[in-house]
Amino acid sequence: MEILHTVFTVVNTLIFLYVLFVSLFYFLLFIVSALQLRKMYGLEDKSPYAELLESSFTPPVSILVPAYNEEAGIVASVRSLLATNYPTFEIIVVNDGSKDRTLATMLEAFSMKKVQKAVRKSVETKRIRDVYVSEVYPDLWLLDKENGGKADALNAGINVSQYPYFCSLDADSVLERDAFLKVMKPIIDSDGEVICSGGSVRIANGCRIERGEVLDINLPSNKYAIMQVIEYMRAFLMGRIGLSRHNMLLIISGAFGVFNKDIVVRAGGYRHDTVGEDMELIVRLHRYTREHKMKKRTIIYVPDPVCWTEAPEDASILRKQRSRWHRGLMDSLRLHKRMFLNPRYGLVGLVSFPYFFFVEMLGPIIEAFGYLAILIGLAIGQTYWPFAASLLLLSILNGSLLSAGAVLLEEWSLRKYPRVSDLTKLCLYALTETFWYRPMNTFWRLEGTWQFLRKQQGWGEMKRKGVSK
């Protein structure tokens, strides 16, 4: 019994120290993000985006939209892209063997005709059956190809694209009109040093969107969607701003990111054999630029350009999404494990890679052990109440209070939710996170860990309602 008590005490102490370290790390990240946001927004600096519309130095962009069973929202998304405020761009929708009416819907809505087009295979993809172009919008293209997954669809779009930069954009997304000007400005200002720039992603559920334009921003009524609003605020306004400041970003959302096409092609394009193709590409670009002595190349996050996307409102669909995201994280870290604590890769190898390994990947396992330790302690009468109370307080700090802080950062900077009632509702929901949503998310990520160990690769069906009329 004494040995059991000693083991139990050691485990509790290790868990407590881990949670304390993570809480301090997130607090530091919060401070760094707040300072960066103050620098960006505190001086009311209005960037001259209008000059980019008229400048001959503004590079054209190819917008790639992979679509698999996106009948519900594809037309609205394309309409929003056609209204984009940017000098020169093309839109390439890639129908990746959809089983619904995605292809027919596109053909009807935009008067598309089949054409012969030479396709240069910069990266290998599944066979492209047909290529269409709109008779109304000459820069709108549609590829119909055999199903190969999102990564394969993006590679097909890269092969067909004609411009030096491309944007990967989810088919259920709606862009704000000036989003491309804002996300491209750092690339233009850096004279090519920035090879990838990502914007913010926000939840469109509850918003009034007509013909691809966000007319009124509202909070969703569904509790899972509201929690995702808070999650996205925390992930983008805290995590990504802090890591981006020192070129340590390991993920640009697959929903909205702009890339230097030449470097992506040289690095091999998107991988087909992972469910986390967006994160894996960013990690590989860091690795590629370091190994080829391109040390000045940077990957950044820009908070202002916003892409609105539909979030799952059903717990079973959200569960599949989160377990898949965790599998993608683990796969990306596995594929590039040589970067772990390797000074050759700079701060990416020494700071951000260990962070994603110890905090993001192992976090659910250690958190689950914490819950289990408290339950076992209660069962055997070995509960150390000061430890249990301290662990609970740190969990609240690490979850609920940081989420509430992210809501305040949102109000301080972007102010996408101007109503006081919306901000109050978000803060109240954030304070409940520790008690229901976080444990549930931990369980889903543990499922993802188990699926990864079993080498499960499936995506799972993601049903769409469509976010626009």
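In this text the structure is predicted, and so the values were computed from the model without any measurement.

Explain the environment of V201 to me, using residue names and the numbers behind them.
Relative to the helices and strands, V201 is located in strand β8 (residues 194-203). Since its relative accessible area comes to 2%, V201 is described here as buried. Between the C-alpha atom of V201 and that of A373, which follows or precedes it by 172 residues, the distance is 37 Å.

Please set out the pattern of salt bridges residue by residue, giving values where relevant.
Within this structure, the stated rule accounts for 24 salt bridges. Ionic pairing is found between E210 and R208, a salt bridge with its closest N-O pair at 3.3 Å. Residue classification places E210 among the partly exposed positions, given a relative accessible area of 33%. Residue class for R208 comes out partly exposed when judged on its relative accessible area of 41%. A salt bridge links E367 to R438; its shortest N-O distance comes to 3.0 Å. Here R438 lies in helix α15 (residues 437-453) and E367 lies in helix α12 (residues 363-380), a separation of 71 residues in the sequence. Taking relative accessible area as the criterion, E367 reaches 17% and is therefore assigned buried. Through salt bridges that share partners, D96, K145 and D152 make up one connected network.

Any details on the packing of aromatic side chains? Residues and values, ideally.
Each aromatic ring pair is characterised by the separation of its centres together with the angle its planes make. As enumerated under the stated definition, the model contains 19 aromatic pairs in all. Taking 5.9 Å as the distance between ring centres and 55 degrees as the angle between the ring planes, the aromatic pair formed by F340 and F358 counts as tilted. Here F340, found in the loop between α10 (315-335) and α11 (346-361), pairs with F358, found in helix α11; they are 18 residues apart in sequence, far enough to count as distant. According to the relative accessible area criterion, F340 is partly exposed, its value standing at 29%. Positioned above the aromatic ring of W141, the side-chain terminus of K117 is 4.4 Å from the ring centre.

Could you give me a rundown of unusual backbone geometry, with the residues and numbers involved?
Backbone geometry places N69, a non-glycine residue, at a positive phi of 55 degrees. Along the chain, N69 turns up in the loop between β1 (61-67) and α3 (74-82). If you check the backbone angles, K455 has positive phi at about 60 degrees while not being a glycine. Along the chain, K455 falls in the segment after α15. K455 gets classed as exposed once you look at its relative accessible area, which sits at 71%.

Describe the UniProt feature "transmembrane region" (unreviewed entry) in the protein, naming the residues involved and giving the relevant values.
UniProt feature "transmembrane region" (unreviewed entry): in the numbering of this structure it lies at residues 15-37, 345-378 and 384-409. Note that residues 15-37 is 100% helix and 0% strand, and that its end C-alpha atoms are spaced 33 Å apart. The straight-line gap between the two end C-alpha atoms of residues 345-378 is 46 Å; of that span, 94% is helix and 0% is strand.

Give me the state of the cysteines: which residues, what numbers.
The full count for this structure, using the stated rule, is 0 disulfides. Looking at the unpaired C167, the closest cysteine sulfur is the one in C307, lying at 7.9 Å. Here C167 falls in the buried class, since its relative accessible area comes to 0%. Here C196 stays unpaired: no disulfide links it, and the sulfur of C167, its closest cysteine neighbor, is 9.6 Å away. With relative accessibility at 0%, the residue C196 sits in the buried group.

Give a description of the side chain of S173 that names residues and reports values.
Within the secondary structure, S173 sits in strand β7 (residues 173-175). The class of S173 is buried, set by a relative accessible area of 1%. The contacts of S173, once residues within four sequence positions are left out, are S77, S80, A255, C307, W308 and T309.

I'd like to hear about the nonpolar core, residue by residue, with values.
Soluble globular proteins tend to pack their nonpolar side chains together in the buried interior. Judged by nonpolar contacts, the single largest core of 131 residues is most densely connected at V93, F180 and F256. For this core, the leading source of residues is helix α7 (residues 223-244), giving 12 residues.

Quick one: what's the story with the side chain of S352, residue by residue and with numbers?
Mapping S352 onto the fold places it in helix α11. Polar side-chain contacts of S352 include one of 3.1 Å to the backbone oxygen of V348. Those residues in contact with S352, other than ones at most four positions away along the chain, are M248, L250 and L347.

I'd like a rundown of the packing of α12 against α15, residues and numbers included.
Orientation of α12 relative to α15, taken along the N-to-C sense of each, is 125 degrees, at an axis distance of 9 Å. Classified by the angle their axes make, α12 and α15 are oblique. Seen from above, α12 lies across α15 with left-handed handedness. Residues P364, I365, E367, A368 and Y371 of α12 touch α15, and the partners they reach there are R438, P439, T442, R445, L446 and T449. Taken together, the residues that form the contact of α12 with α15 break down as 6 nonpolar, 2 polar and 3 charged.

With reference to specific residues and values, describe the packing of α7 against α10.
Packing of α7 against α10 leaves a shortest axis separation of 11 Å and a crossing angle of 30 degrees. Looking at the two axes, α7 sits roughly parallel to α10. Two packed elements cross with a definite hand, and for α7 against α10 that hand is left-handed. Across the interface between the two elements, Y224, Q228, E231 and Y232 of α7 pack against A315, L318, Q321, R322 and W325 of α10. Of the residues contributing to the contact of α7 with α10, the split by class is 5 nonpolar, 2 polar and 2 charged.

The rules we used
- Residues numbered from 1 in each chain as written.
- Predicted model: local features only at pLDDT ≥ 70, side-chain atom pairs only at ≥ 80, totals over all residues.
- Heavy atoms only, no water.
- Helix = DSSP H or I, 4+ residues; strand = E, 2+ residues; numbered from the N terminus.
- Buried < 20%, exposed > 50% of the residue type's maximum accessible area, 1.4 Å probe, protein only.
- Salt bridge = Lys/Arg side-chain N within 4 Å of Asp/Glu carboxyl O.
- Phe/Tyr/Trp six-rings, centres within 6.5 Å; stacked < 30°, edge-to-face > 60°.
- Lys NZ or Arg CZ within 6 Å of the ring centre and 35° of its normal.
- UniProt positions renumbered as here; feature names shortened; annotations may be inferred.
- Disulfide = S-S within 2.5 Å.
- Contact = heavy atoms within 4.5 Å.
- Core = buried A, V, L, I, M, F, W, Y, C linked by side-chain atoms within 4.5 Å.
- Polar contact = N/O pair within 3.5 Å; in protein donor to acceptor, adjacent residues only side chain to side chain.
- Axes fitted to C-alpha atoms, helices over the stretch in contact; angles between N-to-C directions.
- Parallel < 35°, antiparallel > 145°, perpendicular 65-115°, else oblique.
- Left-handed = near helix turned anticlockwise from the far one by under 90°.
- Nonpolar A, V, L, I, M, F, W, Y, C, P; charged D, E, K, R; others polar.

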